[in-house]
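Close look at the chain arrangement
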Amino acid sequence: MAAWMVAGNWKMNNTTAEAVALAKEIVAGLPDIAGRGEVVLAPSFTVLGSVHDVIRGSNIALASQNIFFEDKGAYTGEISPAMLKDAGCTYAIIGHSERRKYFHETDEGVNLKTKKCLAVGLKPIVCVGETDEEREAGITEFVVGIQVKKALAGITDMADVTIAYEPVWAIGTGKNATPGQAEEVHGFIRNILRDLYKEASLNVRILYGGSVTAENFGELIAMKNINGALVGGASLKSGSFLGIISRALENGQ
Ligand code: PGA
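Structural notes, computed from the coordinates. For clarity, every value in this text was computed on a predicted model and none was experimentally measured. (Residues numbered from 1 in each chain as written. Predicted model: local features only at pLDDT ≥ 70, side-chain atom pairs only at ≥ 80, totals over all residues. Heavy atoms only, no water.)

Inspection of the region around the ligand gives 13 residues, with K11, H96, E166, G172 and S211 positioned closest. Residue G233 places a main-chain N or O atom 2.8 Å away from an oxygen atom belonging to the ligand. Considered on its own, the ligand offers 290 Å² of accessible surface; in the complex 95% of this is hidden by protein. Its residues assigned to classes, the shell around the ligand comprises four nonpolar, seven polar and two charged. (Near = heavy atom within 4 Å. Polar contact = N/O pair within 3.5 Å; in protein donor to acceptor, adjacent residues only side chain to side chain. Areas by Shrake-Rupley, 256 points an atom, 1.4 Å probe, with all protein chains shown as cover. Nonpolar A, V, L, I, M, F, W, Y, C, P; charged D, E, K, R; others polar.)

Written out as C-alpha cells, the structure reads:
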C-alpha cells in the first residue's frame, strides 16, 4: 500500500500574505514524515508561486485546485496543466464537488482533465462522492461507481492517480462520515479498482474528505481502505492541519 497523504484544500481563501504566513507555520510545525506519508497544499492559483517558495526544500508538495484540459490557446480565464507544473505543482485536484455543483463539471470533463494531467506529468487527485439525496435514496454505490469508472475511462496506469471520496453532505457541514460509512464506500471503490487494475489497485490511495478534523481523523485513517484525507476547513489553521498529520503518523499505514 502506498503511504498515506494529507492534502489541504484551501479553496477560495487567503491573500498572498495570509497564504505565505499559513504555509510558513505548517513548514515550521511539520513533523518528520519522510518515508511515512505525503503532505500536500492546494492554494489558489494566484498564490501558488508564493507558497511554492515557502515549501521549497520541505516535505510538502504543491497542488492546484483545478486545471483545464487543453495545452494552450484561446481559453480566456483557464489555466493549463503545463502552467501549473511550471508554477511548482506536483498534484492537481480534479472534479471537486464544488466544481461539479457551481461550474457544471461533468464526469466526461473530469476524465479529460485526469488524462491531461497524466499526459503532462501532473498527478491527479480525482474527487467523487454522493449527495445527501442520493444517499437517502440508497444509490450511493451506483453514483460513486459511475463517477469512478467514467473518471478513469481509458486510463491504464494508476501509479500517479489518487482518488478522494468526499460525500457532498459531509463537506463543510461539520457532519463527517463515520469511519464505518466511509470504509464501506472506500472498500467499494477498491473493488472497482481491483476489477479494472488487478494487483495494482492495492497501491492506489483513496483519501476521505468531508469535515475531517484532528479529532475525528484518528479513527478514519485507521480503516483499511482509507489512505489519507482531503481537508478543507481544518486546513486553514496550522494547528488543526498539523493535528491531522499527527493522527496520520500515529494510525496511518
Ligand atoms: P471540508 O472540505 O473539510 O471543509 O469539509 C473538504 C473538501 O471539500 O475537500
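Past the structure itself, the notes keep going.
Strand order in the closed barrel made by the eight strands is β1-β2-β3-β4-β5-β6-β7-β8, with parallel pairing throughout. With strand direction ignored, the average angle separating the axes of adjacent strands in the sheet is 25°. Here strand β1 (residues 4-9) pairs with strand β2 (residues 37-42) via six bridges, running parallel. The residue of β2 that forms the bridge with V6 is V39. Together, β5 (123-128), β6 (162-165) and β7 (206-209) form the strand contacts of helix α8 (residues 179-197), whose direction differs from that of β7 by roughly 150°. (Pairing = 2+ DSSP bridges. Helix = DSSP H or I, 4+ residues; strand = E, 2+ residues; numbered from the N terminus. Axes fitted to C-alpha atoms, helices over the stretch in contact; angles between N-to-C directions. Contact = heavy atoms within 4.5 Å.)

This part is about helix α2 (residues 48-55). The complete set of buried residues in α2 reads L48, V51, V54 and I55. On an axial view of α2, the arc spanned by its buried residues comes to 125°, and they lie on one face. Those residues of α2 that are buried are in contact with α1 (16-29), β2, β3 (60-64), α3 (81-86) and β4 (89-94). (Buried < 20%, exposed > 50% of the residue type's maximum accessible area, 1.4 Å probe, protein only. Arc of directions from axis to C-beta.)

In this fold, E166 is placed in the loop between β6 and α8. One buried charged residue, E166, remains without a salt bridge, the closest side chain of opposite sign being K11 at 6.4 Å. In this structure the side chain of E166 is engaged in a polar contact, spanning 3.2 Å, whose partner is the side chain of H96. (Lys, Arg positive; Asp, Glu negative; His and termini not counted. Salt bridge = Lys/Arg side-chain N within 4 Å of Asp/Glu carboxyl O.)

Turning our eyes to something else, we now look at the pairing of β5. The buried fraction of β5 amounts to five of the six residues, a majority that puts the element mostly inside the structure. Sheet analysis places β4 next to β5, joined by four bridges and oriented parallel. Its bridge partner lying in β5, A92 is registered against P124. Where β5 meets β6, four bridges bridge the pair, whose relative direction is parallel. Opposite V126, over in β6, you have I163 as the bridge partner.

Next up on the list: the environment of T76. Assignment of secondary structure puts T76 in the loop between β3 and α3. Spatially, the C-alpha atoms of T76 and E105 are 17 Å apart, while their sequence positions differ by 29 residues.

Tallied over the full model, the rule gives ten salt bridges. Linking K116 and D71 is a salt bridge whose minimum nitrogen-to-oxygen distance equals 3.0 Å. In this pair, K116 sits in helix α5 (residues 107-120) while D71 sits in the loop between β3 and α3, placing the two residues 45 residues apart along the sequence. On the basis of relative accessible area, K116 is assigned to the buried category, the value being 17%. According to the relative accessible area criterion, D71 is partly exposed, its value standing at 45%.

Running from amino to carboxyl end, α5 crosses helix α7 (residues 140-151) at an angle of 40°, the nearest separation of the two axes being 8 Å. Comparing their axes, α7 and α5 come out oblique. Relative to α7, the crossing made by α5 is right-handed. Residues D107, E108, V110, N111 and T114 of α5 lie in contact with α7, whose contacting residues are I146, Q147, K150 and A151. Partitioned by chemical class, the residues of the contact of α5 with α7 number three nonpolar, three polar and three charged. (Parallel < 35°, antiparallel > 145°, perpendicular 65-115°, else oblique. Left-handed = near helix turned anticlockwise from the far one by under 90°.)

Our next topic: unusual backbone geometry. The phi dihedral of K11 is positive, around 50°, even though this residue is not glycine. Mapped onto the elements, K11 comes out in the loop between β1 and α1. Although it is not a glycine, N14 adopts a positive phi angle of roughly 85°. With respect to the helices and strands, the residue N14 is situated in the loop between β1 and α1. Residue N14 is classed as partly exposed on the basis of its relative accessible area of 22%.

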